[in-house]
Number of protein chains: 2
Amino acid sequence: MGAQPLTPVAPSQTRTAAEEARTLVAQGKMAALATTSEDGTPWASAVLYAALEDGTPILCLSTLAEHGRNLTREPRASLMIGEAEPAGDPLDSGRVTLAGRVEALTGEAEEAAKEAYKAASPASGLYGGFGDFTYYALRVDRVRWVGGYGRMDSTDAESYHAAEADPTAGGAAYAIKHLNEDHAQNLLDMARVLGGHPDATEATCSAIDRYGMNLNVQTPRGFTTTRIAFAETADKPGDLRGATVELARRARGE
Amino acid sequence: MGAQPLTPVAPSQTRTAAEEARTLVAQGKMAALATTSEDGTPWASAVLYAALEDGTPILCLSTLAEHGRNLTREPRASLMIGEAEPAGDPLDSGRVTLAGRVEALTGEAEEAAKEAYKAASPASGLYGGFGDFTYYALRVDRVRWVGGYGRMDSTDAESYHAAEADPTAGGAAYAIKHLNEDHAQNLLDMARVLGGHPDATEATCSAIDRYGMNLNVQTPRGFTTTRIAFAETADKPGDLRGATVELARRARGE
């Protein structure tokens, strides 16, 4: 779609579905839980979740609530997590569904879950101790990620747990804003020299991740998009600055 | 909870569960849908919905997506809608679950649904016409509203459809901000004269709706909350100003 590149563009790694899923799970607190009500109707409710190191979601639910009662009858459930602050068309934003079955936790596993959950919901130190509350782990069987229009993929539990959340995700929104507000010429250089569009007249950053950045590009041949790979994978939010400075220098021929 | 009122407080109507539900449904675009997957697992997914005049949710779903396929087998479903911009503790914010069964629309009902949906998702004028997309109405059987910690209620389809969304909801966030930033003395007067706490030392507005406003109040006897009824029910966002000005005058003894 859009104007084709006129010069070669270095291939750029993108996040896998498992990485996208882990990134969404790592950023959020609220999710939608689907359970099965007594009459068989699937029941959507709002929950606060925490995630263990391997991405396993932790829930703390009361049997005074319908979802809590539902899980005592039918442990199969799924959890849908969206972007915390989607910009623009909400259907073009990321979300993931993790499906599996919940397991009520006891002993050391329950203690670890309590600790993780308390970081997400400080008040759970109080209510989590009430007799009607149970700590659950969602044992993930399958994962469906949707990144937006036409961007979607499935993955399995093994790949999900083995993947790493993008450690730069927390810095992406600021980086995009900063690049677009203060570095229009650098972005245009990148689109022209590295992005395959030497005739570009305008370029803005639409997304950035640990592997590279996406540009929206205007050319006399029409609108298009391109992706620019970082020289090195970024490992923390602060690395995005160095990675984009390196691109800007390369685009200037330095 | 908190310090008890020392002087009488006029009773104030609050929104019913049906009004809360209609208000949440009226404000949002994105919701979580629960359907039942082929293996029986409840499946949570993100959807964009529109609402008809009577609050009936409209969906436009593709059979290329799991939720779309699920509904062709099992029409029972539920939709969870939360506050668009919850402030503070997300567990203390409003959400509602509408449970029932979806009905694929045809003829005039489909045309009406398309029109409503297009207002929520302009792009649906394009994708909604593709052969894999179906317009559905969720025929609501029961409604569960949760307003936050300890605030929850159920209602039935008849009450839900008969209720009106709070027409002032779109002005609430601005009104709260404006009152707290620029009218601290007025709020304190209200807490002292109308809210039952003549010894109040500080008051801030935590919520406002067509029937009145909630105040957080500091007193030498401790923290408390109170609710102040408007003289008249507000019928549009702009009415919140007049209603609070009237309260401020009354609190000053004018």
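These numbers were taken from a predicted model, which means no experiment stands behind them.

1. Examining the overall build of chain A
Looking only at helices and strands, chain A has eight helices and eleven strands in total. Projected onto its principal axes, the C-alpha coordinates of chain A cover approximately 65 × 35 × 30 Å. Contacts spanning at least 24 positions in sequence make up 62% of the contacts within chain A whose residues lie at least 6 apart. For chain A, the exposed area adds up to about 12000 Å²; of that, 52% sits on carbon and sulfur atoms. With 24 positive and 35 negative side-chain charges, chain A shows a separation of 2 Å between the mean positions of the two kinds.

2. Here we look at the side chain of serine 45 of chain A
Mapped onto the elements of the fold, serine 45 of chain A is located in strand β2 (residues 42–48). Side-chain polar atoms of serine 45 of chain A contact the side chain of histidine 67 of chain A, separated by 2.6 Å.

3. Let's talk about the pattern of salt bridges
Close approach of charged atoms allows side chains with opposite charge to pair. Residue and element names in this part refer to chain A. In the structure shown here, the tally under the stated rule is 28 salt bridges over all chains. Here lysine 177 makes a salt bridge to glutamate 181, at a shortest N to O gap of 3.4 Å. Here lysine 177 pairs with glutamate 181, and both are found in helix α6 (residues 169–182), just four residues apart, close to one helical turn. With a closest N to O distance of 2.8 Å, glutamate 246 and arginine 250 form a salt bridge. Separated by four residues within a single helix, glutamate 246 and arginine 250 lie in helix α8 (residues 239–251), roughly one turn from each other. Residue classification places arginine 250 among the partly exposed residues on the basis of a relative accessible area of 33%. Salt bridges sharing common partners tie together Arg15, Glu20, Arg151 and Asp166.

4. Focus on the relation of the copies chain A and chain B
Mapping chain A onto chain B calls for a rotation angle of 180° and an axial translation of 0.0 Å; the resulting RMSD is 0.1 Å. The two molecules are tied by a two-fold rotation axis, judged by turn and shift. Interface overlap between copies: 100% of the residues of chain A at the interface are likewise at the interface in chain B, consistent with a symmetric, same-surface contact.

5. A look at the environment of arginine 250 of chain A
All names here are of chain A. Taking the C-alpha atoms as reference, arginine 250 lies 32 Å from glutamate 83; in sequence the two are 167 residues apart. Setting aside residues no more than four positions away along its own chain, arginine 250 makes contact with Val193, Leu194, Ala229 and Ala231. Within the structure, arginine 250 has its side chain in polar contact with the side chain of glutamate 246 (distance 2.8 Å).

6. Looking at the interface of chain A and chain B
Contact residues are listed per partner, giving 33 residues for chain A and 33 residues for chain B. Taken together, the two surfaces of chain A and chain B that pack against each other cover about 2600 Å², and 65% of this comes from carbon and sulfur. Counting across the chain A and chain B interface gives two salt bridges. Two residues, arginine 142 of chain A and glutamate 66 of chain B, come together in a salt bridge whose shortest N-O distance is 2.4 Å. At the boundary of chain A with chain B, the tally comes to ten residue pairs in polar contact (both at pLDDT 80 or more). Broken down by secondary-structure element, the contributors of at least two residues to the side of chain A that touches chain B are β1 (30–36), β2, β5 (76–82), β6 (95–104) and β7 (133–148) of chain A. Grouping the amino acids of the side of chain A that touches chain B by side-chain chemistry returns 17 nonpolar, ten polar and six charged.

7. Notes on helix α1 (residues 17–27) of chain A
Across the eleven residues of α1 of chain A, nine count as buried, placing the element largely inside the fold. When we look at burial in α1 of chain A, the residues that qualify are Ala17, Ala18, Glu19, Glu20, Ala21, Arg22, Thr23, Leu24 and Val25 of chain A.

8. Topic: the pairing of strand β4 (residues 57–62) of chain B
Residues and elements named next belong to chain B. Burial analysis of β4 places six of its six residues in the buried class, which makes it a mostly covered element. A two-sided burial pattern is seen for β4, the buried positions comprising Pro57, Leu59 and Leu61 on one face and Ile58, Cys60 and Ser62 on the other. Sheet topology note: the strand β3 (residues 50–51)/β4 ladder contains two bridges and is antiparallel. Residue alanine 51 lies in a different strand from β4, and its bridge partner there is proline 57. If you look at the hairpin formed by β3 and β4, you'll find five residues sitting between the two strands, and glycine 55 has a positive phi there, around 90°. Taken together, the five bridges between β4 and strand β7 (residues 133–148) define a ladder with antiparallel strand orientation. Residue pairing for β7: leucine 61 is matched across the bridge by threonine 134.

9. So, the pairing of β2 of chain A
All names here are of chain A. Of all seven residues in β2, seven are buried; the element is thus mostly enclosed. Burial along β2 is two-sided: Pro42, Ala44, Ala46 and Leu48 and Trp43, Ser45 and Val47, pointing in opposite directions, are all buried. Hairpin connection from β1 to β2: five residues lie between these consecutive antiparallel strands, with glycine 40 at a positive phi of about 95°.

10. Observations regarding the confidence of the model for chain A
Low pLDDT means the predicted atomic positions in that stretch should not be read closely. Per-residue confidence for chain A gives a mean pLDDT of 94, with 99% of residues at or over 70. Reported confidences for the modelled complex are a pTM of 0.92 and an ipTM of 0.92.

11. What about the side chain of threonine 226 of chain A?
All names here are of chain A. Tracing the backbone through its elements, the reader meets threonine 226 in strand β11 (residues 222–229). A distance of 2.9 Å separates a polar side-chain atom of threonine 226 from the backbone oxygen of glycine 195. Setting aside residues no more than four positions away along its own chain, threonine 226 makes contact with Val9, Gly195, His197, Met213, Asn214, Leu215 and Val217.

12. A short note on the packing of helix α7 (residues 184–193) of chain A against α8 of chain A
Residues and elements named next belong to chain A. At a minimum axis separation of 8 Å, α7 and α8 run at an interaxial angle of 60°. α8 is crossed by α7, and the crossing has left-handed handedness. Of the residues in α8, those in contact with Asn186, Asp189, Met190 and Val193 of α7 are Thr244, Leu247, Ala248, Arg250 and Ala251. Its residues assigned to classes, the contact of α7 with α8 shows five nonpolar, two polar and two charged.

Rules of the game
- Chains are numbered independently. Their residues run from 1 in the order of the written sequence.
- All chains are assigned letters beginning with A, and all ligands numbers beginning with 1, in the order in which they are written.
- pLDDT decides what is reported in this predicted model: residues at 70 or higher carry local features, side-chain atom pairs at 80 or more are listed and counted, and totals for whole chains, interfaces and linings draw on all residues regardless.
- The basis for every side-chain value is the complete set of heavy atoms in the structure, and neither hydrogens nor water enter the calculation.
- A run of DSSP states H or I qualifies as a helix once it reaches four residues; a run of E qualifies as a strand once it reaches two. Both are numbered from the N-terminal end.
- By definition in these notes, contact holds between two residues if any of their heavy atoms fall within 4.5 Å.
- Accessible areas in this description were obtained via Shrake-Rupley with a 1.4 Å probe; residue shielding takes into account the shown protein chains only.
- Only four residue types enter the charge count: Lys and Arg as positive, Asp and Glu as negative, with His and the chain ends excluded.
- All charge positions are set by atom: Lys at NZ, Arg at CZ, Asp at CG, Glu at CD.
- Whenever a nitrogen or oxygen atom comes within 3.5 Å of another N or O atom, the pair is scored as a polar contact, on the condition that within protein one atom can donate a hydrogen and the other can accept it, and that pairs from neighbouring residues in sequence are kept only if both atoms are in side chains.
- Between Lys or Arg on one side and Asp or Glu on the other, a salt bridge is scored when a side-chain nitrogen of the former is within 4 Å of a carboxyl oxygen of the latter.
- Exposure classes here rest on a 1.4 Å probe applied to the protein chains alone. A residue is buried below 20% of its type maximum, exposed above 50%, and partly exposed in between.
- The fit set for superposing copies consists of C-alpha atoms from residues with pLDDT of at least 70 in both; the fit itself is least squares.
- Two parts placed together each lose some accessible area under a 1.4 Å probe, and adding up what both lose gives the buried area.
- Residues are grouped as follows: Ala, Val, Leu, Ile, Met, Phe, Trp, Tyr, Cys and Pro are nonpolar; Asp, Glu, Lys and Arg are charged; every other residue, Gly included, is polar.
- Paired strands, as defined in this entry, are two strands with at least two bridges between them according to DSSP.
- For every residue, the predictor states its confidence as a pLDDT score lying anywhere from 0 to 100.
- All axes here are fitted lines through C-alpha atoms, helices being fitted over the stretch that makes contact, and every angle between N-to-C directions spans 0 to 180 degrees.
- Less than a right angle of anticlockwise turn of the near helix away from the far helix marks a crossing as left-handed, whereas a clockwise turn marks it as right-handed.

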